[in-house]
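Residue-level structural notes
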Amino acid sequence: MSQLRLLTSRLGLQAARLLAPRGVQVSGGRSGSSGPQAAVPGSRGGGGSSYMEEMYLAWLENPRSVHKSWDSYFRKVSEGASGGPPQPQAPSVVPESRPAASSQTRTGKLVEDHLAVQSLIRAYQIRGHHVAQLDPLGILDADLDSFVPSDLITSIDKLAFYDLREADLDKEFQLPTTTFIGGSEHTLSLREIIQRLESTYCQHIGLEFMFINDVEQCQWIRQRFETPGVMQFSSEEKRRLLARLVRSMRGRLNVLANVIRKDLEQIFCQFDPKLEAADEGSGDVKYHLGMYHERINRVTNRNITLSLVANPSHLEAVDPVVQGKTKAEQFYRGDAQGKKVMSILVHGDAAFAGQGVVYETFHLSDLPSYTTNGTVHVVVNNQIGFTTDPRMARSSPYPTDVARVVNAPIFHVNADDPEAVIYVCSVAAEWRNTFNKDVVVDLVCYRRRGHNEMDEPMFTQPLMYKQIQKQVPVLKRYADKLIAEDTVTLQEFEEEIAKYDRICEEAYGRSKDKKILHIKHWLDSPWPGFFTVDGEPKSMTCPTTGIPEDVLTHIGNVASSVPLEDFKIHTGLSRILWGRADMTKKREVDWALAEYMAFGSLLKEGIHVRLSGQDVERGTFSHRHHVLHDQEVDRRTCVPMNHLWPDQAPYTVCNSSLSEYGVLGFELGYAMASPNALVLWEAQFGDFHNTAQCIIDQFISTGQAKWVRHNGIVLLLPHGMEGMGPEHSSARPERFLQMSNDDSDAYPAFSEDFEVQQLYDCNWIVVNCSTPANYFHVLRRQILLPFRKPLIVFTPKSLLRHPKAKSSFDQMVSGTSFQRVIPEDGAAAQTPERVRRLIFCTGKVYYDLVKERSTQCLEDQVAITRLEQISPFPFDLIKREAEKYPGAELVWCQEEHKNMGYYDYINPRFMTILNRTRPIWYVGRDPAAAPATGNRNAHLVSLKKFLDTAFNLKAFEGKTF
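Here's what I pulled together on the structure shown here. (Residues numbered from 1 in each chain as written. Predicted model: local features only at pLDDT ≥ 70, side-chain atom pairs only at ≥ 80, totals over all residues. Heavy atoms only, no water.)

1. Notes on the overall build of the chain
The test is simple: Only DSSP runs of H or I reaching four residues or more are called helices, and only runs of E reaching two or more are called strands; each is numbered from the N terminus. Partly exposed describes any residue whose relative accessible area lies between the buried limit of under 20% and the exposed limit of over 50%, with all areas from a 1.4 Å probe on protein chains only and scaled to the type maximum. Every residue pair with non-hydrogen atoms within 4.5 Å of one another is taken to be in contact. All accessible-area figures derive from a Shrake-Rupley calculation using a 1.4 Å probe, and residue coverage is judged against the displayed protein chains alone.
Each helix and strand counted, the chain has 33 helices and 31 strands in total. Taken across its 961 residues, the chain has 55% of its residues classed as buried. Contacts in the chain between residues far apart in sequence, at least 24 positions, make up 77% of those at least 6 positions apart. Of the accessible surface of the chain, which amounts to about 42900 Å², a share of 50% is contributed by carbon and sulfur atoms.

2. A word on the sheet that holds strand β27 (residues 837–841)
Let me state the cut-off plainly: Pairs of strands are assigned from DSSP output, requiring at least two bridges between the strands. To define axes, lines are fitted to C-alpha atoms, for helices over the stretch in contact only, and angles between the resulting N-to-C directions are given on a 0 to 180 degree scale.
Sheet architecture is open: 5 strands sit in the order β26-β28-β27-β30-β31, paired in mixed fashion. Since the sheet does not close on itself, it has two edges, and those belong to β26 (821–822) and β31 (920–925), each with one partner. Summarising the sheet, β27 and strand β30 (residues 889–897) pair through 4 bridges and their orientation is parallel. The partner of L838 across the bridge, within β30, is L890. Here helix α31 (residues 875–884) sits on the sheet in contact with β26, β27, β28 (862–867) and β30, set at roughly 160° to β27. Packing against the sheet, helix α32 (residues 903–913) makes contact with β27, β28, β30 and β31, and its axis sits at approximately 170° to β31.

3. Here's the deal with the layout of surface pockets
Take a probe with the size of a water molecule and roll it over the atoms, and the empty space left behind shows itself. Note the cut-off: A 1.4 Å probe that fits but cannot get out identifies a cavity on a 1 Å grid over protein atoms alone, an open set with protein on both sides within 12 Å along at least five of seven lines counts as a pocket, and a residue lines either if it has an atom within 4 Å of a point. Grid points are joined across faces, edges and corners, and a volume is the space filled by probe spheres set on the points. Throughout, the ten residues Ala, Val, Leu, Ile, Met, Phe, Trp, Tyr, Cys and Pro are labelled nonpolar, Asp, Glu, Lys and Arg are labelled charged, and all others, Gly among them, are labelled polar. For each domain, the first and last residues come from an automatic or database assignment.
Within this model, the second largest pocket holds a volume of roughly 850 Å³. Lining of the second largest pocket is provided by 31 residues; of these, F531, Q704, V708, H710 and Y760 occupy positions nearest its centre. Looking at the lining of the second largest pocket, the elements that each hand over two or more residues are α25 (703–707) and α27 (754–761). A per-class count over the lining of the second largest pocket returns 14 nonpolar, 10 polar and 7 charged. Formed jointly, the lining of the second largest pocket draws a minimum of three residues from each of two domains, domain 2 (233–290 + 463–518) and domain 4 (549–719 + 768–811).

4. Overview of helix α24 (residues 693–700)
Burial analysis of α24 places 7 of its 8 residues in the buried class, the great majority of the element. Along α24, the residues classified as buried are Q693, C694, I695, I696, Q698, F699 and I700. Where α24 is buried, its residues meet α12 (319–332), α23 (661–672), α25, β22 (714–718) and α26 (733–738).

5. Points about the side chain of S659
Operational definition: Nitrogen and oxygen atoms within 3.5 Å of one another constitute a polar contact, given that in protein one can donate a hydrogen and the other can accept it, and given that sequence-neighbouring residues count only through two side-chain atoms.
Here S659 shows up in the loop between β20 (651–655) and α23. One polar contact links S659 to E360, side chain to side chain, over a distance of 2.3 Å. Within the structure, the side chain of S659 is placed 3.2 Å from the backbone nitrogen of G662, a separation counted as a polar contact.

6. Let's talk about unusual backbone geometry
Following S871, the chain continues into P872 via a peptide bond in cis, with omega recorded as 0°. Inspection of the secondary structure assignment puts P872 in the loop between β29 (869–871) and α31. The phi dihedral of N301 falls on the positive side, at around 60°, and the residue is not glycine. Tracing the backbone shows N301 in the loop between β7 (291–297) and β8 (302–308). Owing to a relative accessible area of 59%, N301 belongs among the exposed residues under this scheme. Although it is not a glycine, H625 sits at a positive phi angle of roughly 55°.

7. Notes on the environment of I139
For I139, the location among the structural elements is in helix α5 (residues 139–143). Taking the C-alpha atoms as reference points, I139 and L463, separated by 324 residues in sequence, lie 9.8 Å from one another.

8. Some words on the pattern of salt bridges
To be explicit about the condition: Salt bridges are defined by distance alone: a side-chain nitrogen of Lys or Arg within 4 Å of a carboxyl oxygen of Asp or Glu.
Per the stated rule, a full pass over the model turns up 43 salt bridges. With a closest N to O distance of 3.2 Å, K171 and D168 form a salt bridge. Assessed through its relative accessible area of 2%, D168 is described here as buried. One salt bridge in this structure joins R820 and E755, with 3.9 Å as the shortest N-O distance. A residue pair is termed long-range when its members are at least 10 positions apart, and R820 in the loop between β25 (807–808) and β26 and E755 in helix α27 qualify at 65 residues. On the basis of relative accessible area, E755 is assigned to the partly exposed category, the value being 30%. Salt bridges linked by common partners bring D113, R165, D168 and K171 together as one network.

9. Observations concerning the packing of helix α22 (residues 591–604) against helix α28 (residues 772–784)
What counts, and what does not: Angle categories are assigned with fixed cut-offs, so that under 35 degrees is roughly parallel, over 145 is roughly antiparallel, 65 to 115 is roughly perpendicular, and the rest are oblique. Left-handed describes a crossing whose near helix is turned anticlockwise from the far helix through less than a right angle; right-handed describes the clockwise counterpart.
Running from N to C, α22 and α28 point in directions that differ by 25°, and their axes come no closer than 8 Å. Looking at the two axes, α22 sits roughly parallel to α28. The handedness of the crossing between α22 and α28 comes out as right-handed. When α22 is examined against α28, the residues W591, A594, E595, M597, A598, F599, S601 and L602 are found in contact with a partner set consisting of P772, Y775, F776, L779, R780 and I783.

10. Looking at a nonpolar patch on the surface
Rules: In this analysis, a patch consists of residues with relative accessible area above 30% that form no salt bridge, clustered at 9 Å for like charges and at 5 Å for the nonpolar side chains Val, Leu, Ile, Met, Phe, Trp and Tyr.
A grouping of M342, I344, V346 and V380 is seen on the molecular surface, where their side chains present a nonpolar patch of about 340 Å² in accessible area. Tracing the backbone shows V380 in strand β10 (residues 375–381).

11. Description of the environment of G128
Within the secondary structure, G128 is located in the loop between α4 (101–127) and α5. Overall, the relative accessible area of 0% leaves G128 in the buried class. Along the sequence, G128 and G206 sit 78 residues apart, while their C-alpha atoms lie 6.8 Å from each other.

12. Some thoughts on the nonpolar core
To keep it simple, the criterion reads: The set of buried Ala, Val, Leu, Ile, Met, Phe, Trp, Tyr and Cys residues whose side-chain atoms join them within 4.5 Å is what this entry labels a nonpolar core.
By size, the foremost hydrophobic cluster in this structure holds 96 residues, and its most contacted members are L664, I700, L715, L717, F736 and I906. If you tally residues by element for this core, the top one is α23, at 8 residues. The contact partners of I906, leaving out residues within four places of it in the chain, are L867, F873, W892 and I920. In terms of nonpolar packing, the next biggest core, distinct from the first, is built from 56 residues, L603, V616, M641 and A773 among them.

Remember that the coordinates give geometry; whether it matters functionally is a separate question.
Quick look at the structure:
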């Protein structure tokens, strides 16, 4: 057996590929063959493992009789095996005769050495980052020692680990196709291989990418970093980089000043405590403000729009918001591949590792309705979290390990090497543009001063800050380097510093002339033309929200059909569609059909509608069915809503990942991009918004006050006490009402535009609709208002199929509108002087009250009025209702516990509008810690108890308020 035959039989395909020269392809043998096949480009290919042996035998007879790549290959093999030039010899008379044992040993050693070199190269690629010189302070490198595997240390320092000797250092080895360190060379000495691997993987750049399960992507990264001389900069590029460093040394506001290019005088104005704010609201600290700016990229001479999204101190909370805004911008530009719009997220090291929303955001990155086609994540890794060391802040060696879950490559770089930083960032941008995948740049740096201007870091990190005090600043370090290599002179460097000092001083001087601080100049998402008509502010009115009956009928017919041919739906769904058709014929709607008509009518008017959340396509309670599934063809779906009209706006309905924090933040960002879209997020159950509370508190409730940012996002929160347990009952309305900004003690001045002005002044709108028609109207009103406010809707569960919870077309046609209050319209309303009790309520409990009133035959003595819009509080209509029944006791009835729900919100407002002349008595469940009971019997007992109280006309006799 020849040496080649021995090689392929003993070590198989991997070894053959390892030793084969570049240009020679080695593949698995055909069925029935005994080994690999090899083919030279341009040849007809091999016919089995014997092909390589034939090539070898032919070469031994006449080296010129084989392709030059085989000639080069066999020469190297022979040199490696014998230590000298090849010695061609005539083939043996017996082709299968075995070579001498010593030849087999030499060949085996040759193969083992080549495999050892391949293992060595792979060790650098996998683990080289552990020993890279990443930390400017030298602290991180020491901390990482415990994470460095012993085989990496020995692979670099002790060749014996791979059974290689010092004598092998000058031996030439064939380079495998999994490395690019050779450049145009196919072989290198072991000494040169190690030197080039050290230069690539163990200097100021540390690469984590070998966990990626895509060979093409791994090869792409190897080529970008391993190719010799790849990280070269021209003198002009170096000079520009130095100039950028001069400007960036200002510190915390660097992104605003030098990336977004915010006017410096406006930044300096934020430091003047005497300036009066011109805009309503609280404003925010300068470090949280956003910005929107169009500028020219001087390198490409192309216009680019930059938007820095305002963010709170709640670390990483803005991540999904940015992603949602990016997705929306891509959608409106028809940018399905993400070639026109992209996002860059800047993180802190401790927050990146510690905040769960980072993980949630990563897991949205490749979902069809959420992907932004790749994000560049920049981690500013100053190796400290306020006062907490990394060893106390995370259990992994790096803060960036969370990115591995989505196969995002991680590029660590020593931030004191500006050229390495620039190169890594350029590769990251190219990666995103090539593969449309996330990528992480870990800037390993240090915080020169404390967490803020008043902080003393020596209290907790004395040794680190002693080192920092001795550390040469990166600007001086890089300037010295360029001066030493004659790229710039000392005079040119000093002139650059003086030039920027003058720019800052002049801007500071101009800032002294400012008398007013405009927060609106810091908007991250302006809506040009939305708030004005022909240059004038829009009128504070809202048109009626009803639509023509033929439009209602058309939408109902489509909602009850399957627009695609040969589409097999589930038999149970057929019954649901038949029910919709029947309702349409009867001119009535249930909750699901009313929603369908609201969405469909807005689509007709060119308004994009997007509904997102867990299980929203079908609906948690199997009522919506906006996506139909073919029962016989896998993954074939139909969305009838997108088949209403030829020129309609698109409708997007998408089940989300099992995330609230990340997904709600995403939808909030999506709603930021344009006012001409209805963006809704539905919780699976209302109380599931608990885990998204940060988005609600820091963005939705306060966004306009802090950042002058309007947003029309809609939250659909299923709510109702139905004996389903503490976690599936309450959407916690008390929380939303507590954060509402209308004044409970201020008696309002009523005017013609009072309703719209109230909506404009509030921070959000909170409703609990009791009829499908009112739900229809409030969704349409959300778009027809001349401004945008968040809308919180407590949606029903049992009412979805309640026979009484239906509305007629008459309540939805042109000329109708949303009813903030639905007054009593029965017998009690006909004889108000006979009414002894007026019950105010909201939501589902109305139907319980009506049923109990009928049971007790009190229709003419008890009036029931529904409060549909809870906040802002409809003072005018409540006053009218109370005055209509002057002799009646006023009662607020709710199914929630007394310390929850609505009572604490409505009580002081009732007192204000009634001038404290009449009490509003509470009827409902007693105070409790849990929102609801998990025991069905206990639920029914408490329900009966408060219903009895509601209709006990003597319950409050003798009581005072």
